[in-house]
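Given next are the chains, with one letter for each unit.
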Amino acid sequence: IGEAGFNIGTSLFRHFGTRFSHVIVPEFGYLNRFLNTRDPEEFIAVDEVETQRETEFFFLRARTRFSVREEPEDRLEPWQDLSALNYYSLIDFAVESRYFPKAGKDNGGNNWGSVFTDLRFFLPDLLRARYRVEIDPSRGAIVTNESFIDLFPTNNIVLGASYRDL
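Fair warning: this is a prediction, and the values are worked out from it, not measured in the lab. (Residues numbered from 1 in each chain as written. Predicted model: local features only at pLDDT ≥ 70, side-chain atom pairs only at ≥ 80, totals over all residues. Heavy atoms only, no water.)

Draft legend 1. Layout of the packing of aromatic side chains. The final tally for this structure, using the stated rule, is 6 aromatic pairs. Aromatic pair phenylalanine 28 and phenylalanine 58: ring centres 6.1 Å apart, planes at 15°, arrangement stacked. Separated by 30 residues along the polypeptide, phenylalanine 28 in strand β3 (residues 20–35) and phenylalanine 58 in strand β4 (residues 55–69) bring together distant segments of the chain. Judged by relative accessible area, phenylalanine 28 falls into the partly exposed class, the value being 35%. Every member of this aromatic cluster is reached through a ring pair, and the members are Phe6, Phe28, Tyr30 and Phe58. (Phe/Tyr/Trp six-rings, centres within 6.5 Å; stacked < 30°, edge-to-face > 60°. Helix = DSSP H or I, 4+ residues; strand = E, 2+ residues; numbered from the N terminus. Buried < 20%, exposed > 50% of the residue type's maximum accessible area, 1.4 Å probe, protein only.)

Draft legend 2. Region of the structure containing the environment of arginine 19. Of note, arginine 19 is situated in the loop between β2 (12–16) and β3. On a C-alpha basis, the gap between arginine 19 and serine 67 in space is 8.4 Å, while along the polypeptide they are 48 residues apart. Leave out the neighbours within four places in its chain, and arginine 19 touches Ser67, Val68, Arg69, Glu70 and Tyr87. (Contact = heavy atoms within 4.5 Å.)

Draft legend 3. Spotlight on the pairing of strand β9 (residues 157–165). Pairing of strand β8 (residues 141–154) with β9, which is carried by 8 bridges, proceeds in the antiparallel orientation. Bridge pairing in β9 places serine 147 opposite tyrosine 163. Hairpin remark: β8 followed by β9, antiparallel, with 2 residues in the connecting loop. (Pairing = 2+ DSSP bridges.)

Draft legend 4. Quick peek at the environment of leucine 31. Tracing the sequence through the fold places leucine 31 in strand β3. Its relative accessible area of 15% is what places leucine 31 among the buried residues. In this structure, the C-alpha to C-alpha distance between leucine 31 and phenylalanine 57, residues 26 residues apart in sequence, is 5.5 Å. In contact with leucine 31, other than residues within four places in its own chain, are Glu3, Ala4, Gly5, Thr55, Glu56 and Phe57.

Draft legend 5. Expanded view of the environment of tyrosine 99. By the element assignment, tyrosine 99 lies in strand β5 (residues 87–99). Tyrosine 99 gets classed as partly exposed once you look at its relative accessible area, which sits at 30%. Counting along the chain gives 69 residues from tyrosine 99 to tyrosine 30, while the straight-line C-alpha distance between them is 9.3 Å. Not counting residues within four places of it along the chain, the set of residues in contact with tyrosine 99 comprises Phe57, Phe58, Asn111 and Trp112. Here the side chain of tyrosine 99 touches asparagine 111 through a polar contact of 3.5 Å, side chain to side chain. (Polar contact = N/O pair within 3.5 Å; in protein donor to acceptor, adjacent residues only side chain to side chain.)

Draft legend 6. Here's a closer look at the pattern of salt bridges. Following the criterion strictly, the structure yields 13 salt bridges and no others. Between glutamate 146 and arginine 164 there is a salt bridge; the shortest N-O distance is 3.2 Å. Within this pair, whereas glutamate 146 is found in strand β8, its partner arginine 164 is found in strand β9, the two being separated by 18 residues in sequence. Among the residues examined, glutamate 146 registers a relative accessible area of 6% and is labelled buried. Each of Glu27, Arg61, Glu96 and Arg98 takes part in one network of salt bridges that share partners. (Salt bridge = Lys/Arg side-chain N within 4 Å of Asp/Glu carboxyl O.)

Draft legend 7. Spatial organisation of the side chain of threonine 55. Mapping threonine 55 onto the fold places it in strand β4. Look past the residues within four positions of threonine 55 in its chain and what remains in contact with it is Leu31, Asn32, Arg33, Phe100 and Asp106.

Draft legend 8. View of unusual backbone geometry. For aspartate 125, which is not glycine, the phi dihedral falls at a positive 60°. With respect to the helices, strands and loops of the structure, aspartate 125 is situated in the loop between β6 (112–123) and β7 (127–136). In this structure aspartate 125 comes out as exposed when scored by relative accessible area, which is 63%.

Draft legend 9. Representation of a nonpolar patch on the surface. On the surface, Phe66, Ile91, Phe93, Leu119, Phe121 and Tyr131 cluster together into a nonpolar patch covering about 470 Å² of accessible area. Mapped onto the fold, phenylalanine 93 is located in strand β5. (Patch = residues over 30% accessible without salt bridge, like charges linked within 9 Å, V, L, I, M, F, W, Y side chains within 5 Å. Areas by Shrake-Rupley, 256 points an atom, 1.4 Å probe, with all protein chains shown as cover.)

Printed below as a string of structure tokens:
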């Protein structure tokens, strides 16, 4: 697979006291997958790599993340600012939409492709959950609906479950 592209983004953040922070990451980008030496039907589909086809699209993505600081605030030295604190994500949400300039070739005649959402929730050493949805606006239908959850009852045990509706 040969591909090239770019993405441009920035991070906008705000700290709420010394304990919480919020980050927003808007992005714009382009991807051109111009070379695929094997037909995807030749492979056994294990993950998305086996389904890659030549395509070209622009994307808009926005991500927002709420974080909590792990250490007590008295660990901040007088010469350090809030950016020196270690935060972990509590909630992370992203949404992305794609625009196909060659709709007849790449996206079944539609310039606008699916809308992808990804919601993640974390509680360190206890729980990790994720919910992903792909929505096709041209059909007004949910294409993919996935849920994952991992529990950490001890340091050596991970209990996981997932659900996928196609």
